[in-house]
Amino acid sequence: MPIVFLLLLVFLGGCATTAEHKPGSFQAPVHRGLAEDPEVERPFLVEDPWEGFNRKMYHFNAQLDRYVYLPVVEVYEAVLPDSVQQGISNIFNNFKEIPIFVNSVLQGNPKKASVSLGRFVFNTTIGLGGIIDVLGNGGIPQENEDFGQTLGVWGVPPGPYLVLPVLGPSGVRDAGGTFADAVMTLNPANFVFEGMGWAARGAATTGVYAVKAVDARHQVKFRYYETGSPFEYQLVRFVFTKKRELDISK
C-alpha cells in the first residue's frame, strides 16, 4: 500500500506541472501567386477586357449558326453536286486573289504577290473565270494575306480580343482589316450582270452576296460547342490569337 500511494502522488504531481495545451488562433495559408514581372512571358494570356460582351456574342453566333446559318448550308450541300459546290468555291476564292495580291505588295513580299497574281491570271483565263483552280491543282495553293496582317507587319498592335457578329473571333486591328479587304474584293455580279437595269442588277448582286456567304460557311468546318471542352471560349480565343501571330511572323 505505501508503494501504491507513493506512485499515485508522483502521477498527480506530474499532471499538476504539465502545461495545458491551448491551440493558437487560425491563420489562413498565404497564397503566393506569380510575381507581377512584365518580363515574365505568359503564353496563354490574351487581352480580353470586353470578355462579358464577347462571351454573349460568341453564344449569339453559336445560336445563329445552329438555327439559321447551318440549316441553309445543309440544304445548299444537299441540293448541289459536289463538283458544282467546288466550282462556286473556286470562283469566290479566285476573287480573293486581288486583296491577297495588294496586301502582299504592301507587306513587301514579291514572292507571294507573284504567286497570287499568277493564280488570278491563269485561273481566270484557263480556269474559265475561276471555276477550275488550275494552279491549285498543279500544287500552287492560295496564299493567305489580309489587311489585318499588313497592319501587323507595319507594327500596328493587335488590340483587345473582339468577337464580331456572324464573323466570329477577331481583334480591333483585324476588324478594321476585314472591312478593308471587303472593299478590295470584287463581286462577280459587277461583270456578269453589267448590261442589266439597276433593279435587276441590284437583285442579282444581292443574290451573289448571299451565295458567297453560304459558300464561306460551307468552306469552314468548325462547329460551335463541338470541341468537347468546357473551356471552348478560352480555347478558341487562344488558338485564334496565336494563329494570327504566326500569320504575321511567317
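Refer to the preceding data block for the structure.
The rules behind these values
Residues numbered from 1 in each chain as written. Predicted model: local features only at pLDDT ≥ 70, side-chain atom pairs only at ≥ 80, totals over all residues. Heavy atoms only, no water. 1 Å grid on protein atoms, 1.4 Å probe; cavity = no way out; pocket = protein on both sides within 12 Å on 5 of 7 lines; lining within 4 Å. Points joined across faces, edges and corners; volume = space filled by probe spheres on them. Helix = DSSP H or I, 4+ residues; strand = E, 2+ residues; numbered from the N terminus. Nonpolar A, V, L, I, M, F, W, Y, C, P; charged D, E, K, R; others polar. Axes fitted to C-alpha atoms, helices over the stretch in contact; angles between N-to-C directions. Parallel < 35°, antiparallel > 145°, perpendicular 65-115°, else oblique. Contact = heavy atoms within 4.5 Å. Phe/Tyr/Trp six-rings, centres within 6.5 Å; stacked < 30°, edge-to-face > 60°. Buried < 20%, exposed > 50% of the residue type's maximum accessible area, 1.4 Å probe, protein only.

Digging into the layout of surface pockets
Piece 1. What the largest pocket holds in volume is close to 2000 Å³.
Piece 2. Residue lining of the largest pocket: 46 residues in total, with Lys96, Leu167, Thr178, Ala216 and Val220 positioned closest to the centre.
Piece 3. Within the residue set of the lining of the largest pocket, elements represented by two or more residues are helix H2 (51-79), helix H3 (82-95), helix H4 (97-106), strand E2 (168-171), helix H8 (172-184), helix H10 (198-219) and helix H11 (232-249).
Piece 4. When residues of the lining of the largest pocket are assigned to their parent elements, the largest contribution, 7 residues, is made by H10.
Piece 5. Here the residues of the lining of the largest pocket sort into 21 nonpolar, 12 polar and 13 charged.
Piece 6. Of the voids in this model, the second largest pocket is the one considered here, and its volume is about 290 Å³.
Piece 7. Along the walls of the second largest pocket sit 16 residues, with Pro158, Gly159, Arg173, Thr241 and Glu245 positioned nearest its centre.
Piece 8. Those elements that place two or more of their residues in the lining of the second largest pocket are E2, H8 and H11.
Piece 9. The element best represented in the lining of the second largest pocket is H11, accounting for 5 residues.

Brief notes about the packing of H2 against H10
Piece 1. Between H2 and H10, the least distance of the axes is 10 Å, while the angle of their chain directions is 95°. By the angle class used here, H2 and H10 are roughly perpendicular. Of the residues in H10, those touching H2 at Asp65, Tyr69, Leu70, Val72, Val73, Tyr76 and Glu77 are Ala213, Val214, Asp215, Arg217 and His218.
Piece 2. The residue makeup of the contact of H2 with H10, split by class, is 7 nonpolar, 1 polar and 4 charged.

Some details on the packing of aromatic side chains
Piece 1. On inspection of all chains with the given rule, the structure shows 7 aromatic pairs.
Piece 2. Seen in terms of ring centroids, Tyr58 and Tyr224 are 5.1 Å apart; in terms of plane orientation they differ by 75°. Their pairing is edge-to-face. One end of the pair, Tyr58, is in helix H2; the other, Tyr224, is in the loop between H10 and H11, with 166 residues separating them in the sequence.
Piece 3. Classification of Tyr58 by relative accessible area gives buried; the value is 3%.

Keep in mind that these numbers describe shape and distance, not what the molecule does.
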